[in-house]
Amino acid sequence: MAILNSVDEVFALLESGGGEAYFGEPVTVLEHSLQAASFVQRKGAADTLVAAALLHDVGHLLHAEGENVAARGVDTQHEELGVAALGHHMPTSVLDPIRLHVAAKRYLCFAEPKYLAALSPASRQSLALQGGPMSAAESEAFLAIPHAREAIVLRRADDAAKISGLKVPGLDTYRGLIHGLWA
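From a predicted model like this one, the values you see are computed outputs, not experimental measurements.

(A) Spotlight on the overall build of the protein chain. For the protein chain, the helix and strand inventory stands at 10 helices and zero strands. Going through the 183 residues of the protein chain one by one, you find that 50% of them count as buried. The long-range fraction of contacts in the protein chain, counting pairs at least 24 apart against all pairs at least 6 apart in sequence, stands at 72%. For the protein chain, the accessible surface area stands at approximately 8,200 Å², while carbon and sulfur atoms represent 56% of it.

(B) Spatial organisation of helix α4 (residues 78-86). Among all positions in α4, only H78, E79, G82, V83, A85 and L86 are buried. Viewed end-on, α4 has its buried residues packed into an arc of 165 degrees, placing them on one side of the element. Of the surrounding elements, those touching the buried residues of α4 are α1 (7-17), α3 (47-55) and α5 (92-111).

(C) Structural detail: the nonpolar core. Counting 38 residues, the largest nonpolar core has V10, F11, L54, L55, L86, M90 and I178 as its most contacted members. Secondary structure elements with two or more residues in this core: α1, α2 (29-42), α3, α4, α5, α9 (148-160) and α10 (175-181). Setting aside anything within four residues of it in sequence, one finds F11 in contact with L54, L171, D172, Y174, R175 and I178. Grouped together as the second largest cluster of nonpolar side chains are 14 residues, A104, C109, A151 and I152 included.

(D) Broad picture of the pattern of salt bridges. Enumeration according to the criterion identifies eight salt bridges in this entry. Two residues, R99 and D96, come together in a salt bridge whose shortest N-O distance is 3.2 Å. Of this pair, R99 and D96 both sit in helix α5, three residues apart, which is roughly one turn of the helix. The residue D158 makes a salt bridge to R155 at a minimum N-O spacing of 3.2 Å. Separated by three residues within a single helix, D158 and R155 lie in helix α9, roughly one turn from each other. The two residues D158 and R155 agree in class, both being buried. Linked through salt bridges whose partners overlap, the residues forming this network are D8, D172 and R175.

(E) Quick look at unusual backbone geometry. Here the phi dihedral of H147 falls at roughly 70 degrees; this positive angle occurs in a residue that is not glycine. Relative to the helices and strands, H147 resides in the loop between α8 (136-143) and α9. Classification of H147 as partly exposed rests on a relative accessible area of 21%.

(F) Representation of the environment of T28 in the model. Considering the arrangement of structural elements, one finds T28 in the loop between α1 and α2. In the structure, T28 is positioned 136 residues away from S164 in sequence and 8.8 Å away in space, judged by C-alpha atoms.

(G) Focus on α2. In this model α2 runs 20 Å from its N-terminal to its C-terminal C-alpha over 14 residues, within 8% of the 20 Å that 1.5 Å per residue would give. Among the 14 residues of α2, 11 are classified as buried, and the element is accordingly described as predominantly covered. Looking at α2, one finds that the buried residues are V29, L30, H32, S33, L34, Q35, A36, A37, S38, F39 and V40. Those residues of α2 that are buried lie in contact with α1, α3 and α9. Just beyond α2, the residue with positive phi is G44, at close to 80 degrees.

What counts and what doesn't
Each chain carries its own residue numbering, running from 1 in the direction its sequence is written. Reporting of local features is limited, given that this is a predicted model, to residues whose pLDDT is at least 70; pairs of side-chain atoms are given and counted only at 80 or more, and all residues count toward the totals for whole chains, interfaces and linings. Computation of side-chain values: all heavy atoms of the structure, hydrogens and water removed. Only DSSP runs of H or I reaching four residues or more are called helices, and only runs of E reaching two or more are called strands; each is numbered from the N terminus. Working definition: with a 1.4 Å probe on protein chains only, accessible area under 20% of the residue-type maximum means buried, over 50% means exposed, and in between means partly exposed. Should any heavy atoms of two residues lie within 4.5 Å, those residues are counted as being in contact. For the area figures, the Shrake-Rupley method with a 1.4 Å probe applies, and any residue is considered shielded solely by the protein chains shown. Think of it as the arc spanned by the lines of direction from the helix axis to the C-beta atoms. Take the buried residues of types Ala, Val, Leu, Ile, Met, Phe, Trp, Tyr and Cys, join any two whose side-chain atoms come within 4.5 Å, and each joined set is a nonpolar core. Within this document, salt bridges are pairs made up of a side-chain nitrogen of Lys or Arg and a carboxyl oxygen of Asp or Glu, the two lying within 4 Å of each other. To estimate how far a helix should reach, multiply one less than its number of residues by 1.5 Å.

Below you can see the structure in the form of C-alpha cells.
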C-alpha cells in the first residue's frame, strides 16, 4: 500500500500520472481533478472540500490496473486507496468526502432518478461494480455519516469535471492550500 509522505510526493504523482486518460472520459486524470477542485472552489466551499475535490481520484494513480479496469469487471476501490495513501497527513474533513464520493454516487442514483439517467457510460459501468443505487435503508444510513453532504457536493463536481479543453487554474494554484492542511 502506497503512502504519500509529502505534498511534493502528492503533486509529483498528480503530475506524472495525471496525464493518463480518465477512464473513458474526454479528459485526463489531472484535468478531471483540477476541474473538480475549481468547480467546488467557485461554489465557495471550504478549503478542506476543495482539497478533497483535487485529491478525490488520487487512488486511480496508485493502482496498476489500467484505464479499462471497469470493463474487466474490477472495482479498484480507488477511494480507499487514496484515503490510505493520504490518511496520515490530511484531516478527516478532507478524507471523509474522498472515502464517500463513490457512496455519494450510489446515494444520488437512489435519491434522484434523473441523476442515474444522466451518468456517463463509464460512470454507469463503474456504478454496477460499486454496488448500484442504494436502497432506502442504505440511503438513510449514508446521510447520517459525518461529511456525507460534503461528499455529495464533491460527487456533483466529480460528475461535471469531464469537459475537454476547459481552462481552469493549474495544479500549483493549490499547493499552498494543500500545505496548509498537511499534518
